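Reading the structure
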Amino acid sequence: MATLATESAPQEHVDPLDVSRPELYRDDLWHAPFRRLRAEAPVYRCEHSDFGPYWSLSTYKPIVQAESLPEIFSSQAGGITIADLQDGDIKMPMFIAMDRPKHTGQRRTVAPAFTPSEMVRLTDNIRTRTAEILDSLPVGESFDWVDRVSIELTTQMLAILFDFPWADRRLLTYWSDWAGDIEVAKDPARKDERRKILFECAAYFGELWKAKLGKEPTPDLISMMIHSDAMSEMDQMEFLGNLILLIVGGNDTTRNSMSAYAWGLEQFPDERARLEANPALIPNAVQEIIRWQTPLAHMRRTATQDTELEGQKIREGDKLVLWYLSANRDESIFPDADRIIVDRENARRHLAFGHGIHRCVGARLAELQISVLLEEMAKRRLRVNVTGEPERVSACFVHGYRKMPVELSRY
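The following refers to the structure shown.

**Quick word on the overall build of the protein**
- When you go through the protein residue by residue, the secondary structure sums to 14 helices and 12 strands.
- Computed over its C-alpha atoms, the radius of gyration of the protein comes to 21 Å, within 12% of the 22 Å expected for a compact globule of 411 residues.
- Oriented by its inertia axes, the alpha-carbon framework of the protein measures out at about 60 × 55 × 40 Å.
- Taking all 411 residues of the protein together, 57% fall into the buried category.
- Looking at the protein as shown, the accessible area adds up to about 16900 Å², and 52% of this sits on carbon and sulfur atoms.
- Averaging the positions of the 51 positive and the 63 negative side-chain charges in the protein gives two centres separated by 3 Å.

Below, the structure written as structure tokens:
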């Protein structure tokens, strides 16, 4: 079916298939509208939303097609989220929101931080820090898994990647939460507050940059930028943009997948038992948890020319929202997709890290950190028992958790 009929309506009309509404994610109600979109209109024009009109791409095939044609479906023309830049907004160029060839040079600059050899080098450090955190947790007492485990582990890793002052590492979480909150676009007062906070972030990192100028290269992201032709001459806003990209990417993907490990396996205790009985399933289970959670729900592209997608006529300048969250529940690719199946054969086909030239540069590191967490939990025979409904992020970009009460037990 090409489109779904909706009544012509004034701007206040709520399209039931407008999947940008934050309450869908806050209340975990996004499943039904996406299920309908996948079945009836995988490329659907939503005319009325708080972010303006947009095309929803909700199934696997058209998303891969759009990602495979970056010259037609641009990251740079309109940015990477459903929220449009408005007058007075901070413009922060970043390589994920660039097209070739500039994207290629900047991505190549930071890619060496995430090579297989770097993962080997980092593994012992990740394992040691994970063990320390797990050994500090109470067994049989309630605590917040998001704060004590997910945030702490990812923030520590970011501090190492940036050679960031250890005592201030929670600033990275604070900046990431502000930078990734697209709901701010609807509130002028909060937009002003975010602008102030992100300039504080830029000033802090500016001092770290100055401290490394003229020094020998070191294996951290700031040094890599300084010693590269593609990024050494960035202006302040481009520097800030790439920092925010790496902070949000490094924070939200790993952090919310670690939380999904706790929440998701609580929903499927039979699969949790299978994983506990067979730790060799951990590498595949990590991919399945990332698929099931999809910690960044969407990316946005902008059409650079008139074109067609799944029979729909896309016009130059149209906004397309690629709902990775929905594609990862596409039953034609992932049978019984709403379930976590720890030995799912094709779990690695998920789109949680994107596809094509913009696939997440830090995917290996995210997978490694989550794998080590599951391995260290298994080594201690620890089980996470969620004791109450989690508090979720109220937004359609970062798909995650703010708080999650849990107790640990032994099995």
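**Digging into the nonpolar core**
- Val19, Tyr25, Phe34, Leu57, Leu320 and Trp323 are the most contacted members of the largest nonpolar core, which totals 48 residues.
- For this core, the elements supplying multiple residues, two or more each, are helix H1 (22–26), helix H2 (31–40), strand S1 (43–46), strand S2 (54–57), helix H3 (60–67), strand S5 (298–303), strand S8 (319–323) and helix H13 (324–327).
- With sequence-adjacent residues up to four places away left out, Trp323 is seen in contact with Val19, Ser20, Tyr25, Phe34, Tyr54, Ser56, Leu57, Ile63, Ala297, His298 and Cys396.

**Concerning the pattern of salt bridges**
- Counted according to the given criterion, the structure contains 41 salt bridges.
- The shortest N-O distance in the salt bridge between Glu152 and Arg170 comes to 3.0 Å. Pair noted here: Glu152 is in helix H6 (residues 145–162) and Arg170 is in helix H7 (residues 170–179), with a separation of 18 residues, a long-range link.
- Classification of Arg170 as partly exposed rests on a relative accessible area of 35%.
- The closest approach of N and O atoms between Asp192 and Arg195, which form a salt bridge, is 2.8 Å. Here Asp192 and its partner Arg195 are both found in helix H8 (residues 188–212), 3 residues apart, which amounts to about one turn of the helix.

**Some points on the packing of aromatic side chains**
- Throughout the structure, instances matching the rule amount to 12 aromatic pairs.
- Here the aromatic rings of Phe34 and Trp323 are separated by 5.3 Å at their centres, their planes lie at 65°, and the arrangement is edge-to-face. Here Phe34 is found in helix H2, whereas its partner Trp323 is found in strand S8, with 289 residues between them in sequence.
- Between the aromatic rings of Trp145 and Tyr261, the centroid separation amounts to 6.2 Å while the plane-to-plane angle is 55°, which identifies the pairing as tilted. Here Tyr261 lies in helix H10 (residues 236–267) and Trp145 lies in helix H6, a separation of 116 residues in the sequence. Across this residue pair, the class does not change: Trp145 and Tyr261 are buried.
- These aromatic residues form a ring-pair network of at least three members: Phe162, Phe164, Trp175, Tyr204 and Phe205.
- It is Arg148 that lies over the ring of Phe143; its NZ or CZ is 5.5 Å from the centre.
- The ring of Phe334 carries Arg291 above its face, with NZ or CZ at 5.3 Å from the centroid.

**A look at the packing of helix H5 (residues 116–136) against H6**
- Orientation of H5 relative to H6, taken along the N-to-C sense of each, is 150°, at an axis distance of 11 Å. Considering their axes alone, H5 and H6 lie roughly antiparallel with respect to each other. Every pair of crossing elements has a handedness; the one defined by H5 and H6 is right-handed. Across the interface between the two elements, Leu122, Asn125, Ile126, Arg129, Thr130, Ile133 and Ser136 from H5 touch Arg148, Val149, Glu152, Leu153, Gln156, Met157 and Ile160 from H6.
- The class makeup of the residues in the contact of H5 with H6 is 7 nonpolar, 4 polar and 3 charged.

**A few points about the sheet that holds strand S4 (residues 143–144)**
- The 3 strands lie next to each other as S4-S12-S9, forming an open sheet whose pairing is antiparallel. The sheet terminates laterally at S4 and strand S9 (382–386), the two strands that pair on one side only.
- Note: S9 against strand S12 (residues 405–410), 5 bridges, orientation antiparallel. Bridge assignment links Val386 to a residue of S12, and that residue is Val406.

Conventions we followed
- Residues numbered from 1 in each chain as written.
- Predicted model: local features only at pLDDT ≥ 70, side-chain atom pairs only at ≥ 80, totals over all residues.
- Heavy atoms only, no water.
- Helix = DSSP H or I, 4+ residues; strand = E, 2+ residues; numbered from the N terminus.
- Rg over C-alpha atoms; globule rule 2.2 N^0.38 Å.
- Buried < 20%, exposed > 50% of the residue type's maximum accessible area, 1.4 Å probe, protein only.
- Areas by Shrake-Rupley, 256 points an atom, 1.4 Å probe, with all protein chains shown as cover.
- Lys, Arg positive; Asp, Glu negative; His and termini not counted.
- Charge placed at Lys NZ, Arg CZ, Asp CG, Glu CD.
- Core = buried A, V, L, I, M, F, W, Y, C linked by side-chain atoms within 4.5 Å.
- Contact = heavy atoms within 4.5 Å.
- Salt bridge = Lys/Arg side-chain N within 4 Å of Asp/Glu carboxyl O.
- Phe/Tyr/Trp six-rings, centres within 6.5 Å; stacked < 30°, edge-to-face > 60°.
- Lys NZ or Arg CZ within 6 Å of the ring centre and 35° of its normal.
- Axes fitted to C-alpha atoms, helices over the stretch in contact; angles between N-to-C directions.
- Parallel < 35°, antiparallel > 145°, perpendicular 65-115°, else oblique.
- Left-handed = near helix turned anticlockwise from the far one by under 90°.
- Nonpolar A, V, L, I, M, F, W, Y, C, P; charged D, E, K, R; others polar.
- Pairing = 2+ DSSP bridges.

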